[in-house]
Amino acid sequence: MLKVILQLLIALTALKSTISFAQQSNTLTIEEKIEFSKNTQFPFDRYFCANNNDNCTLGGMKKNQIALTFDDGPNSNTLQILKILKQYRIKATFFVTLGKRNYTREKQDLLNQIYSLGHKVANHGANHGALAGSVSESSLIQYLSETDNIISNYVERNDIFLYRNPGGYWNSNRANILNSNNNLRRYVGPIFWNVGGFIVGSSTHLTDAADWQCQSRKLSAQDCMTGYYNKIIRNYKNNQGSLVLMHDVHKITASLLSSLLENLSQDSINWEFILVQDIPAVQFYNTEL
Ligand SMILES: [Zn+2]
């Protein structure tokens, strides 16, 4: 009998992939909570991770944790991304660019698919170009509200409303405007990233990469992937988790994602995929409302 149980245990261990999706989150230490509450304007203006900043802290994320995010969509390329994520049983966060002008039936179908597969839908504003530069107070509120109207049906009761500003553009004035808005102040943001901002390094040895830039420079998905992969490994060695930026709208991204996940699954590191809303700092900020 004992032998049977042992064999069963061995079989189960062998089945366990090195990639897993974690729904359990970590907790913050008191010191981290104090650190995160310093110099922040709640709920917006939380620079817990700035672009390409190796010293950024991802608010309690463990070094083997990865949160995947996809911006600017959805479009027809999103379907391929969803297929790959399903294959690896990973849930991600989609920062969508949707508003009155582009919310077609096709976009609605794509949004339904993202949601029904268990991914999280987040706000990237209705006008990407305008939000990536300086906008008036009324436009800022209008563009976020347009997307909010669309996605609020897809954000569940226990989910956290998340905002990422196009291009990572941010300033304290923007935080003040959003914090003064009764509806939008329920968002946590801006959500930055520490993998996928720009191509860094030489083409033979990329130390970071960005899907949109790889596409415009005609780099192969495989070469582009090494940039993402090397940055994730560097974060790990620096004792940091990885908040990965990709764009589901680009053609290159599906093959890039596929080879990245393939590479990670062959590592000896037990990678764990979590949602942005499960990052302890995001949860902490949410409770400060
Ligand atoms: Zn964007």
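Residues numbered from 1 in each chain as written. Predicted model: local features only at pLDDT ≥ 70, side-chain atom pairs only at ≥ 80, totals over all residues. Heavy atoms only, no water.

*Asks:* Break down the packing of aromatic side chains for me, with residues and values.
*Replies:* The tally for this structure, following the rule as stated, stands at seven aromatic pairs. Considering the side-chain rings of Tyr-115 and Tyr-154, the 5.4 Å spacing of their centres and the 80° angle between planes classify their relative orientation as edge-to-face. Note that Tyr-115 is positioned in helix α4 (residues 105-116) and Tyr-154 in the loop between α6 (137-151) and α7 (172-179), a separation of 39 residues in sequence. Note on Tyr-154: relative accessible area 9%, which makes it buried. The interplanar angle of 65° and the centroid separation of 5.5 Å between the aromatic rings of Tyr-236 and Trp-271 together place this pair among those described as edge-to-face. (Phe/Tyr/Trp six-rings, centres within 6.5 Å; stacked < 30°, edge-to-face > 60°. Helix = DSSP H or I, 4+ residues; strand = E, 2+ residues; numbered from the N terminus. Buried < 20%, exposed > 50% of the residue type's maximum accessible area, 1.4 Å probe, protein only.)

*Asks:* Before we move on, can you summarise the side chain of Thr-69 with the specific residues and values?
*Replies:* Relative to the helices and strands, Thr-69 resides in strand β2 (residues 65-71). For Thr-69, a relative accessible area of 0% corresponds to the buried category. Within the structure, the side chain of Thr-69 is placed 3.0 Å from the side chain of Arg-164, a separation counted as a polar contact. Looking at Thr-69, its side chain comes within polar contact range of the main-chain oxygen of Val-244, at 2.7 Å. Thr-69 has contacts with Thr-93, Phe-95, Arg-164, Leu-243, Val-244, Leu-245, Met-246 and Val-276, leaving out every residue within four places of it along the chain. (Polar contact = N/O pair within 3.5 Å; in protein donor to acceptor, adjacent residues only side chain to side chain. Contact = heavy atoms within 4.5 Å.)

*Asks:* Quick rundown of the coordination of the zinc ion? Include the residues and the values.
*Replies:* Distances from the zinc ion to its protein donors, Asp-72 (OD), His-124 (NE2) and His-128 (NE2), fall at 2.0 to 2.2 Å. One chain supplies every donor for the zinc ion, spaced along it as D-x51-H-x3-H. Within this pair, whereas Asp-72 is found in the loop between β2 and α3 (78-87), its partner His-124 is found in the loop between β4 (120-123) and α5 (128-131), the two being separated by 52 residues in sequence. Residue classification places Asp-72 among the partly exposed residues on the basis of a relative accessible area of 21%. (Donors = N, O, S within 2.8 Å, 3.2 Å for Na, K, Ca; no water.)

*Asks:* An account of the state of the cysteines is requested, with residue identities and associated values reported.
*Replies:* In total, this model carries one disulfide according to the counting rule given. Here Cys-214 connects covalently by a disulfide to Cys-224, the sulfurs 2.1 Å from one another. Since a negative S-S torsion denotes a left-handed disulfide, the Cys-214-Cys-224 link at about 85° is right-handed. Of this pair, Cys-214 sits in helix α8 (residues 211-216) while Cys-224 sits in helix α9 (residues 221-237), and the two are 10 residues apart along the sequence. For Cys-214, a relative accessible area of 0% translates into the label buried. Among the residues examined, Cys-224 registers a relative accessible area of 0% and is labelled buried. (Disulfide = S-S within 2.5 Å.)

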